[in-house]
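Each chain is listed here by its residues.
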Amino acid sequence: MQRESMEFDVLIVGGGPAGLSAAIRLKQMAAAAQREVDVCLIEKGAEIGAHILSGAVMDPRALNELLPDWKDLGAPITTEVSEDRFLMLSETGARQIPNSLLPDCFLNHGNYVVRLGNVAKWLGEQAEAMGVEIYPGFAGAEVLYDEAGAVMGVATGDMGVGRDGEPGPNYQPGMELHAKYTLFAEGCRGHLGKSLEAKFNLRANADPQTYGLGIKELWEIDPAKHQAGLVVHSAGWPLGSDTYGGSFLYHLEENLVSVGFVVGLNYSNPHLSPY
Ligand SMILES: Cc1cc2nc3c(=O)[nH]c(=O)nc-3n(C[C@H](O)[C@H](O)[C@H](O)COP(=O)(O)OP(=O)(O)OC[C@H]3O[C@@H](n4cnc5c(N)ncnc54)[C@H](O)[C@@H]3O)c2cc1C
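Residues numbered from 1 in each chain as written. Predicted model: local features only at pLDDT ≥ 70, side-chain atom pairs only at ≥ 80, totals over all residues.

*Asks:* Lay out unusual backbone geometry in plain terms, naming residues and giving numbers.
*Replies:* The peptide bond linking Trp237 to Pro238 adopts the cis configuration, its omega dihedral lying at 5°. Looking at the element boundaries, Pro238 is found in the loop between β15 (230–236) and β16 (245–251). One non-glycine residue, Gln34, lies in positive phi territory at about 50°. Taking the number of C-beta atoms within 10 Å as the measure of exposure, Gln34 has 6 and is therefore exposed. (Helix = DSSP H or I, 4+ residues; strand = E, 2+ residues; numbered from the N terminus. Buried ≥ 20, exposed ≤ 12 C-beta atoms within 10 Å, placed from the backbone.)

Now the structure itself:
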């Protein structure tokens, strides 16, 4: 079955903070130049924000530049960091490192504790209001190239394919989305990004990739123990001194805490289980 195609000026693959910000910026620039620019954004999650899981402390600097009136626009960014704590854990206790000895990346004065999925959802609403065409539920499955070998868009995946890989009764071939410019914003280790890296040799002369494993949960805790805006990082136990990693506790609004643990995947003890 022939695939149908649609044409855009710009196609953005991925509706995370990067893709959505790019879409908004393009619409702002087009409006300033009094030009019509069609921007289409596809997102593989069922809705914008559904696949964003980082429990985040967010520096608002980029948002101040992109949408200076974000507070008036109702951004779900309301919990300002109230205190930073960095703890060295041992099996029996914790020692706090004085903030004066911490590197800048652990000093979050002026930053916000956010649920990044909610921020992405809100950015999506802003982009849509500016005329960006957003298609959630569509994954870019294949990069399309023109005769000269340049990227000309992506194709979405076929639907209704059976377990055997053959078309079933509800089979629908994917769509071809063509654009003058295609912007890949799949986040790290994107499926299409990796194929582009290989085809255009984009990682030549780049440092080798490093990997970590992050685990995150959202907890509702006893209000007596909750302190909105408190940001706690830890290093040490249960990891040994030869293993890179640590934990975070970000106190959000409504007695919620984002709890996470990250371990570098270059640990040498094969029995270590971050879970
Ligand atoms: C556990 C954890 C904690 C973190 N904590 C912080 C923090 O405290 N502060 C901070 O600043 N940063 C933090 N980060 C990093 C932050 O989450 C990322 O830098 C940020 O999300 C990157 O944005 P992005 O738009 O590039 O990609 P992503 O947020 O990964 O978004 C990519 C989007 O593209 C979609 N997508 C991917 N492939 C396709 C495809 N082929 N077709 C269609 N859609 C596709 C995905 O579903 C996703 O919605 C954390 C990350 C993790 C994992």
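Picking up after the structure, the text goes on.
*Asks:* Could you give me a rundown of helix α1 (residues 17–32), with the residues and numbers involved?
*Replies:* Helix length check: α1 (16 residues) gives 22 Å between terminal C-alpha atoms against 22 Å at 1.5 Å per residue, within 8%. Turning to α1, its buried residues are Pro17, Gly19, Leu20, Ser21, Ala22, Ala23, Ile24 and Leu26. Where the residues of α1 are buried, they touch β1 (5–13), β2 (39–43), α2 (61–66), α3 (116–129) and β13 (176–184). Count one or two residues on from α1 and you reach Gln34, which has phi positive near 50°. (Expected span 1.5 Å × (residues − 1). Contact = placed C-beta atoms within 7 Å.)

*Asks:* Before we move on, can you summarise the domain arrangement of the protein chain with the specific residues and values?
*Replies:* Entries for the protein chain in the domain assignment read domain 1 (5–56 + 118–199) and domain 2 (79–110 + 211–264). With centres defined by C-alpha atoms, the gap from domain 1 to domain 2 works out at 34 Å. (Domains from an automatic or database assignment.)

*Asks:* Let's hear about the pairing of β15: which residues, and what values?
*Replies:* Across seven bridges, the pairing between strand β5 (residues 83–89) and β15 is parallel. The residue bridging Glu83 from the neighbouring strand is Leu230, located in β15. Bridging between β15 and β16 involves four bridges; their strand directions are antiparallel. Paired with Ser234 across the two strands is Ser247, which belongs to β16. (Pairing = 2+ DSSP bridges.)

*Asks:* Quick rundown of the site of the ligand? Include the residues and the values.
*Replies:* Inspection of the region around the ligand gives 30 residues, with Gly14, Gly16, Ala18, Ser54 and Gly187 positioned closest. Breaking the shell around the ligand down by element, the ones donating at least two residues are α1, β2, β3 (55–58), α4 (191–199) and β14 (212–220). Among the residues forming the shell around the ligand, the class breakdown is twelve nonpolar, 14 polar and four charged. (Near = placed C-beta within 6 Å. Nonpolar A, V, L, I, M, F, W, Y, C, P; charged D, E, K, R; others polar.)

*Asks:* Would you mind going over the sheet that holds strand β9 (residues 140–145) in detail, with residue names and values included?
*Replies:* Two orientations exist for strands paired in a sheet by backbone hydrogen bonds: parallel and antiparallel. The mixed open sheet is built from six strands, whose spatial order is β8-β2-β1-β13-β10-β9. The outermost strands of the open sheet, each flanked by one partner alone, are β8 (133–136) and β9. Put simply, the sheet's adjacent strands are angled 40° from each other on average, direction ignored. Both β2 and β8 contribute to a ladder of four bridges, which runs parallel. Looking at the pairing, Cys40 lines up with Glu133 of β8. Packed on one face of the sheet, α1 meets β1, β2 and β13 and runs near 170° to β2. (Axes fitted to C-alpha atoms, helices over the stretch in contact; angles between N-to-C directions.)

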